[in-house]
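Below are the chains, spelled out letter by letter.
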Amino acid sequence: MTTTETPYLLGNEPDELRRLEEQAAALAPATRAILALAGIEPGMRVLDLGTGAGDVAFELSRVVGPSGSVVGIDQSSKALRWAASRCEAQGLRNVSFVHDDLHEMRLTGQVDAVVGRLVLLYTPDPAAVLRKFAGYVRPGGVVVSMEYEMSVAGLLPATPLSERVTHWIMAAFARSGLDPSLGARLGAVFADAGLSGATVLGLQAYRPPGDPTGSRMAAGIIRTLLPVLTRTGLATPEEVGIDTLGQRFFEDHVNSGATFRPPTLVGAWARVAGR
Ligand SMILES: C[S@@+](CC[C@H](N)C(=O)[O-])C[C@H]1O[C@@H](n2cnc3c(N)ncnc32)[C@H](O)[C@@H]1O
């Protein structure tokens, strides 16, 4: 374990960890589909990069079963304590956690697969991280990444509020030097990491009027990003009105009869060639 905690845009406070759990529930169907298509199977030893509240590790645990194992890695000790207690509550015995920074971490031995969801986005050089962890995968094993394409998110047709929320999210990431459309670029990132010919597939959910997912996701991420929005001059707290944002978004969703389209979850995967 390294001792420094990397500054990370969204932080790891309890509200944010609860937001990750709620987001993970919404992403579970797409995540399961991507893991299955990528070839994650019973018996595999898998690393989960940037495990956060642990949800991807828990999905992996059920897929690899008792003969496999999952190691969730995160730079946040708070997130890992949270994930470990959820893991225990679920009685999952094939999951362990390691506190480390992906840039610093060194492994001995090989694994069958490396998986990371919504984590490369927060690294300054995603291809370098992928290349490094692909080096720990046995020949024939698999590297899987899932990242968002955020530009498509919002109500369909858009309302002024949903357009504003999408703009705030995109701009907050961009002004923090992070690419909110990383998902759409994963094929190129894999190629830069020496993983050519990756399969790249975006999975898109659609939520009808009355489904609370959209308003919860919008209010949750804006609450987390509020310090960035105000610090970078994108919006004042009065313009955001965080205490009523979820309700206003929900009313827009219902009253306009729109469909809520969350960010696309893009999955990319490639086999590691023989060395
Ligand atoms: C948006 S959360 C995603 C959590 C989880 N993968 C999921 O999809 O629900 C990103 C996580 O990556 C972790 N993270 C970000 N940069 C990291 C780094 N350099 N090393 C290790 N963990 C990192 C953060 O602490 C956070 O828990």
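Note that the structure is predicted; figures quoted are calculated from it, not measured.

A. How the structure looks around the overall build of the protein chain. Secondary structure summary: the protein chain contains nine helices and nine strands in total. In terms of C-alpha radius of gyration, the protein chain reaches 19 Å, essentially the compact-globule figure of 19 Å for 275 residues. Counting only C-alpha atoms and orienting by the principal axes, one finds that the protein chain spans roughly 55 × 35 × 35 Å. Within the protein chain, the fraction of its 275 residues that count as buried is 54%. Once local pairs closer than 6 in sequence are excluded, the contacts in the protein chain between residues at least 24 apart make up 82%. Accessible surface computed for the protein chain: about 12,100 Å², of which carbon and sulfur atoms make up 55%. Taken as two groups, the 25 positive and 28 negative side-chain charges of the protein chain have centres that lie 4 Å from each other.

B. Layout of the packing of helix α5 (residues 160-175) against helix α9 (residues 242-256). In contact at an axis separation of 9 Å, α5 and α9 are set at 130 degrees when each is read in the N-to-C sense. On the basis of the axis angle, α5 is oblique to α9. Classified by chirality, the crossing of α9 by α5 is left-handed. Along the contact surface, α5 presents Leu-161, Ser-162 and Val-165, while α9 presents Leu-245, Arg-248, Phe-249 and Asp-252.

C. A look at the pattern of salt bridges. With the rule as written, the count across this model stands at eleven salt bridges. With a shortest N-O distance of 2.6 Å, Glu-13 and Lys-78 are connected by a salt bridge. Taken together, the positions of Glu-13 in the segment before α1 (14-38) and Lys-78 in helix α3 (residues 77-89) put the pair 65 residues apart, joining distant regions of the chain. A cluster of three or more residues bridged by salt bridges with shared partners is formed by Glu-21, Asp-55 and Arg-86.

D. Broad picture of the environment of Arg-86. Inspection of the secondary structure puts Arg-86 in helix α3. For Arg-86 and Arg-248, which are 162 residues apart along the polypeptide, the C-alpha to C-alpha distance reads 32 Å. Beyond its immediate chain neighbours, meaning those up to four positions away, Arg-86 contacts Glu-21, Ala-53, Gly-54, Asp-55 and Phe-58.

E. Looking closely at the UniProt feature "domain: Methyltransferase" (unreviewed entry) in the protein chain. Taking the numbering used here, the UniProt-annotated feature "domain: Methyltransferase" (unreviewed entry) corresponds to residues 41-149. Between the C-alpha atoms that bound residues 41-149 the distance is 27 Å, and the span itself is 29% helix and 33% strand.

F. Just the site of the ligand, in detail. Around the ligand, 17 residues are found, and the nearest of them are Gly-50, Asp-74, Gln-75, Leu-102 and Arg-117. Contacts to the ligand include Gln-75, whose side-chain N or O atom sits 2.5 Å from an oxygen atom. Here a nitrogen atom of the ligand sits 2.9 Å away from a polar atom, N or O, in the main chain of Leu-102. About the coverage of the ligand: the protein hides 99% of its 600 Å² of free accessible area. The residue makeup of the shell around the ligand, split by class, is seven nonpolar, six polar and four charged.

G. Seen up close, the pairing of strand β5 (residues 137-149). Where burial is concerned, most of β5 is hidden: ten out of the 13 residues are buried. As defined by bridge partners, strand β4 (residues 111-117) adjoins β5 across six bridges and the pair is classed as parallel. The residue bridging Val-111 from the neighbouring strand is Val-137, located in β5. As a crossover connection, the stretch from β4 through helix α4 (residues 126-134) into β5 is right-handed.

H. Structural context of helix α2 (residues 55-64). Extensive coverage of α2 is indicated by the burial of eight of its ten residues. Within the sequence span of α2, burial applies to Asp-55, Val-56, Ala-57, Phe-58, Glu-59, Leu-60, Ser-61 and Val-64. On the buried face of α2, the contacting elements are α1, β1 (45-49), β2 (69-74), α3, β3 (95-99) and β4. In the segment just after α2, Gly-65 is the residue with positive phi, at about 70 degrees.

Parameters and conventions
Residues numbered from 1 in each chain as written. Predicted model: local features only at pLDDT ≥ 70, side-chain atom pairs only at ≥ 80, totals over all residues. Heavy atoms only, no water. Helix = DSSP H or I, 4+ residues; strand = E, 2+ residues; numbered from the N terminus. Rg over C-alpha atoms; globule rule 2.2 N^0.38 Å. Buried < 20%, exposed > 50% of the residue type's maximum accessible area, 1.4 Å probe, protein only. Contact = heavy atoms within 4.5 Å. Areas by Shrake-Rupley, 256 points an atom, 1.4 Å probe, with all protein chains shown as cover. Lys, Arg positive; Asp, Glu negative; His and termini not counted. Charge placed at Lys NZ, Arg CZ, Asp CG, Glu CD. Axes fitted to C-alpha atoms, helices over the stretch in contact; angles between N-to-C directions. Parallel < 35°, antiparallel > 145°, perpendicular 65-115°, else oblique. Left-handed = near helix turned anticlockwise from the far one by under 90°. Salt bridge = Lys/Arg side-chain N within 4 Å of Asp/Glu carboxyl O. UniProt positions renumbered as here; feature names shortened; annotations may be inferred. Near = heavy atom within 4 Å. Polar contact = N/O pair within 3.5 Å; in protein donor to acceptor, adjacent residues only side chain to side chain. Nonpolar A, V, L, I, M, F, W, Y, C, P; charged D, E, K, R; others polar. Pairing = 2+ DSSP bridges. Right-handed = clockwise from strand over helix to strand, strands pointing away.

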